[in-house]
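Below, each chain spelled out in residue letters.
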Amino acid sequence: MTELWGVFEGIKLAISIGVQEVDIQVDSLLVVQAINKGYSIVRKSLTIISHIRRLMSHFASVIVGHTFKEANRCADILANICCNSMQVFTMFESAPVCLQQLFNEDARGIPIARVFCS
C-alpha cells in the first residue's frame, strides 16, 4: 500500500507542475501489475489503484514499469529521510549529501550484487 500512495502522490505532484510524460519505476512487481491491469489481489488497494489510473489520463504518455530494489536505492534513501521527518511533504532543491556515495558508485559503474534463492 505504501508504494501505491507514493505513486499516487507523485502523479498528483507531476500534474500540478504541468508534466506531460511520466515514467514511473516501482520495485514491487505486484504494484506495477495492479496499476497496469487495474486490479489487485489486495482488496483494500482497489480504490487507490482506481484513483491512480484516473489521474494517469492527464498525461500524454505514461509508463509504469518494474525495477529491482537494488536499482531503486536512491528512492529508498529519500523515502527513509521523509519518513523520519516531521513534515507532511518534503521537496529537495538538490540531492541530499547522503546520496553522493550512490551517485559516485553509479558514475564509476560499480555493479550491485543481486542474490537469488533457488
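Residues numbered from 1 in each chain as written. Predicted model: local features only at pLDDT ≥ 70, side-chain atom pairs only at ≥ 80, totals over all residues. Heavy atoms only, no water.

Draft legend 1. A look at the layout of surface pockets. If you add up the space inside the largest pocket, you get close to 1200 Å³. Surrounding the largest pocket, 32 residues form its lining, Gly-6, Val-7, Gly-10, Ala-75 and Ala-79 being those nearest its centre. Contributions of two or more residues to the lining of the largest pocket are made by α1 (2-16), β1 (21-26) and α4 (73-83). Among the elements that line the lining of the largest pocket, the one with the most residues is α1, at 10 residues. In terms of residue class, the lining of the largest pocket is built from 17 nonpolar, nine polar and six charged. Taken as a whole, the second largest pocket spans an internal volume of roughly 250 Å³. (1 Å grid on protein atoms, 1.4 Å probe; cavity = no way out; pocket = protein on both sides within 12 Å on 5 of 7 lines; lining within 4 Å. Points joined across faces, edges and corners; volume = space filled by probe spheres on them. Helix = DSSP H or I, 4+ residues; strand = E, 2+ residues; numbered from the N terminus. Nonpolar A, V, L, I, M, F, W, Y, C, P; charged D, E, K, R; others polar.)

Draft legend 2. Expanded view of helix α3 (residues 46-56). Within α3, burial applies to Ile-48, Ile-49, Ile-52, Leu-55 and Met-56. Angularly, the buried residues of α3 cover 125 degrees about the axis, an arc narrow enough to put them on a single face. Summarising the contacts, the buried residues of α3 are in contact with α1, α2 (29-37) and β2 (61-66). (Buried < 20%, exposed > 50% of the residue type's maximum accessible area, 1.4 Å probe, protein only. Arc of directions from axis to C-beta. Contact = heavy atoms within 4.5 Å.)

Draft legend 3. Layout of the nonpolar core. Of all hydrophobic cores here, the largest spans 19 residues; its most connected members are Leu-4, Val-7, Ile-11, Ile-24, Ile-35 and Ile-52. Of all the secondary structure elements, the ones that give two or more residues to this core are α1, β1, α2 and α3. Not counting residues up to four positions away in its chain, the partners in contact with Leu-4 are Val-31, Ile-35, Ser-45, Ile-48, Ile-49 and Ile-52. (Core = buried A, V, L, I, M, F, W, Y, C linked by side-chain atoms within 4.5 Å.)

Draft legend 4. Main features of the pattern of salt bridges. A complete count under the given rule lists two salt bridges for this structure. The residue Lys-12 makes a salt bridge to Glu-9 at a minimum N-O spacing of 3.3 Å. You can see Lys-12 and its partner Glu-9 sitting in helix α1, three residues apart, about one turn around the helix. We classify Lys-12 as partly exposed; its relative accessible area is 35%. Residue Arg-73 pairs with Glu-105 through a salt bridge whose shortest N-O separation is 3.1 Å. Taken as a pair, Arg-73 in helix α4 and Glu-105 in helix α5 (residues 100-107) lie far apart in primary sequence, 32 residues in all. What makes Arg-73 partly exposed here is its relative accessible area of 30%. Residue Glu-105 is classed as buried on the basis of its relative accessible area, which comes to 16%. (Salt bridge = Lys/Arg side-chain N within 4 Å of Asp/Glu carboxyl O.)

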